[in-house]
Amino acid sequence: MLKDYMYELGYTDYQIEKILKEYGLRSYTEEGIYRKIKEFFEYFSELGYSNLDIIKITSRTPSILTHTIDNIKLKIKEIINLGIKFEELIKLAKANPCIYNFSVNYISNKID
């Protein structure tokens with residue numbers, strides 16, 4: 001079920017294996033990973049990311065799937081409060097999706 005869903009979304013075999021081997025996701029059931037991916041596609045689509053962008057983000061940084069959507073929303077708000085415009089954040093996250101894994105202090109220090 002999970003792999004079929006991921007294929008439907010456009011993931012490759014390599015991307016699927018990379019995500020499923022992510023250490024932080026090992027404790028999740030297939031159903032749990034399915035729900036996480038579905039939530040991320042829904043939320044990131046609302047933010048303006050394309051399906052291809054979301055696939056790249058989640059396959060390049062699979063650990064992002066261990067975060068809740070509420071945590072991602074908070075991180076976005078905190079990053080914007082640092083002075084980064086929403087549109088810039090979207091572009092930045094496409095190039096370096098692990099930004100959502102960094103602490104706000106770390107990001108702030110890199111900006112300064």
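Cut-offs applied
- Residues numbered from 1 in each chain as written.
- Predicted model: local features only at pLDDT ≥ 70, side-chain atom pairs only at ≥ 80, totals over all residues.
- Heavy atoms only, no water.
- Axes fitted to C-alpha atoms, helices over the stretch in contact; angles between N-to-C directions.
- Helix = DSSP H or I, 4+ residues; strand = E, 2+ residues; numbered from the N terminus.
- Parallel < 35°, antiparallel > 145°, perpendicular 65-115°, else oblique.
- Left-handed = near helix turned anticlockwise from the far one by under 90°.
- Contact = heavy atoms within 4.5 Å.
- Salt bridge = Lys/Arg side-chain N within 4 Å of Asp/Glu carboxyl O.
- Buried < 20%, exposed > 50% of the residue type's maximum accessible area, 1.4 Å probe, protein only.
- Nonpolar A, V, L, I, M, F, W, Y, C, P; charged D, E, K, R; others polar.
- Phe/Tyr/Trp six-rings, centres within 6.5 Å; stacked < 30°, edge-to-face > 60°.

Engineer: Sorry if this is basic, but what is going on with the packing of helix H3 (residues 30-47) against helix H5 (residues 69-81) here?
Structural biologist: If you want to describe how two helices pack, look at the angle between their axes and the distance between the axes. Axis separation between H3 and H5 bottoms out at 11 Å; the angle between their running directions is 25°. On the basis of their axis angle, the class for H3 and H5 is roughly parallel. For H3 against H5, the interelement crossing comes out right-handed. Contact residues: Glu39, Phe40, Tyr43, Phe44 and Leu47 in H3; Ile69, Ile72, Lys73 and Ile76 in H5.

Engineer: Just to check I follow, could you spell out the pattern of salt bridges for this structure?
Structural biologist: It is possible for side chains of opposite charge to pair when their charged atoms get near one another. Enumeration over the complete set of coordinates arrives at three salt bridges. We note a salt bridge from Glu31 to Arg35, for which the minimum N-O separation is 3.6 Å. One end of the pair is Glu31 and the other is Arg35, both in helix H3 and four residues apart, which spans about a single turn. Linking Lys94 and Asp53 is a salt bridge whose minimum nitrogen-to-oxygen distance equals 3.3 Å. Remark: Asp53 occurs in helix H4 (residues 51-60) and Lys94 occurs in helix H6 (residues 86-95); sequence separation between them is 41 residues. On the basis of relative accessible area, Lys94 is assigned to the partly exposed category, the value being 34%.

Engineer: How do you make sense of the side chain of Thr61 when you look at a structure like this?
Structural biologist: Within the secondary structure, Thr61 is located in the loop between H4 and H5. Ignoring sequence-local partners within four residues, the contact set of Thr61 consists of Pro97, Cys98 and Asn101.

Engineer: Help me understand the environment of Met1, please; the structure alone is not making it clear to me.
Structural biologist: Relative to the assigned elements, Met1 resides in the segment before helix H1 (2-9). Along the backbone, Met1 and Tyr34 are 33 residues apart, and their C-alpha atoms lie at a distance of 8.5 Å. Discounting chain neighbours no more than four positions away, the residues touching Met1 are Glu30, Glu31 and Tyr34.

Engineer: Just checking my understanding: could you explain the packing of H1 against H3 for this structure?
Structural biologist: Here H1 crosses H3 at 20°, and the two axes come no closer than 9 Å. Accordingly, the angle class assigned to the pair H1 and H3 is roughly parallel. In the crossing of H1 with H3, the sense of the turn from one axis to the other is left-handed. Residues Leu2, Tyr5, Met6 and Leu9 of H1 pack against Glu30, Ile33, Tyr34, Ile37, Lys38 and Phe41 of H3. Broken down by class, the residue content of the contact of H1 with H3 amounts to eight nonpolar, no polar and two charged.

Engineer: Help me understand the packing of aromatic side chains in this model?
Structural biologist: Two numbers describe a pair of aromatic rings. These are the distance of the centres and the angle of the planes. Considering all chains together, one arrives at seven aromatic pairs under this definition. Consider the rings of Phe40 and Phe44, whose centres lie 5.4 Å apart with planes at 20°: the pair is stacked. Of this pair, Phe40 and Phe44 both sit in helix H3, four residues apart, roughly one helical turn. Phe44 gets classed as buried once you look at its relative accessible area, which sits at 1%.

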